[in-house]
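Structure assessment
Here's the letter readout for the chains.
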Amino acid sequence: MVRLIMSGSGEGKTKQLLELMDNAAETEAGCMVCLEPKRNMSFNLPHQTRLVDASEFSITSLESLRGFLCGMYAGNYDISHIFIDDLCKVAHTKDEREIGEFLNWLDTFTSPLKLKTTLTISADPDTATDTMKKYM
């Protein structure tokens, strides 16, 4: 399952993501991971959530993010939910076509594993492509 939260900068996406993490910590049995561009949320996360600073792992594209997510899951099959705060900053791209392809790949990757994924993108929801809207 892939869920996309999209709104302008400063409109509460990270706060909403933190609330979703709190709820998931209460209801989900598996491990949770939060991937963000830089370590900003370290004191706000539920203790059940592992914070990953993407800048420490040389993630420079959506392709490298794919590999990172696959490797992370391969190393820990107990992950039940992955949160990605600001996908465009994590993957260093704003290419809408690439983002759409990534979201479709992510859905294909996570669905058979029953792995939930919640992502944020800082952009006006009115500019979302049809592929992006499918996950909103």
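Reference entry: report on the structure contained in this document. (Residues numbered from 1 in each chain as written. Predicted model: local features only at pLDDT ≥ 70, side-chain atom pairs only at ≥ 80, totals over all residues. Heavy atoms only, no water.)

Structurally, the position occupied by S61 is in the loop between β3 (49–53) and α2 (62–75). As for S61 and V2, which are separated by 59 residues in sequence, their C-alpha atoms are 19 Å apart. (Helix = DSSP H or I, 4+ residues; strand = E, 2+ residues; numbered from the N terminus.)

Our next topic: the packing of aromatic side chains. Counted according to the given criterion, the structure contains five aromatic pairs. Relative to Y77, the ring of Y73 has its centre 5.3 Å away and its plane inclined at 85°; by these criteria the two rings are edge-to-face. Judged by relative accessible area, Y73 falls into the buried class, the value being 10%. We classify Y77 as exposed; its relative accessible area is 61%. Measuring from centroid to centroid gives 6.3 Å for Y73 and F109, while their planes differ by 85°, and the two rings are edge-to-face. Here the residue Y73 occupies a position in helix α2, and F109 occupies one in helix α4 (residues 96–110), the gap between them amounting to 36 residues. Ring-pair connections join several aromatic residues into one group, and the members of that group are Y73, Y77, F102, W105 and F109. (Phe/Tyr/Trp six-rings, centres within 6.5 Å; stacked < 30°, edge-to-face > 60°. Buried < 20%, exposed > 50% of the residue type's maximum accessible area, 1.4 Å probe, protein only.)

Judged by pairing direction, the sheet is parallel, and its five strands sit side by side in the order β1-β5-β4-β2-β3 without closing on themselves. Strands with a single pairing partner mark the edges of an open sheet, and in this sheet they are β1 (2–7) and β3. Between one strand axis and the next, the sheet turns through 15° on average, direction left out of account. Alignment of strand β2 (residues 31–36) against strand β4 (residues 79–84), held across five bridges, turns out to be parallel. The partner of L35 across the bridge, within β4, is I84. Helix α1 (residues 13–27) contacts β1, β2, β3, β4 and β5 (116–122) of the sheet and is inclined by roughly 150° relative to β1. Along the sheet face, α4 touches β1 and β5 and points at about 165° away from the line of β5. (Pairing = 2+ DSSP bridges. Axes fitted to C-alpha atoms, helices over the stretch in contact; angles between N-to-C directions. Contact = heavy atoms within 4.5 Å.)

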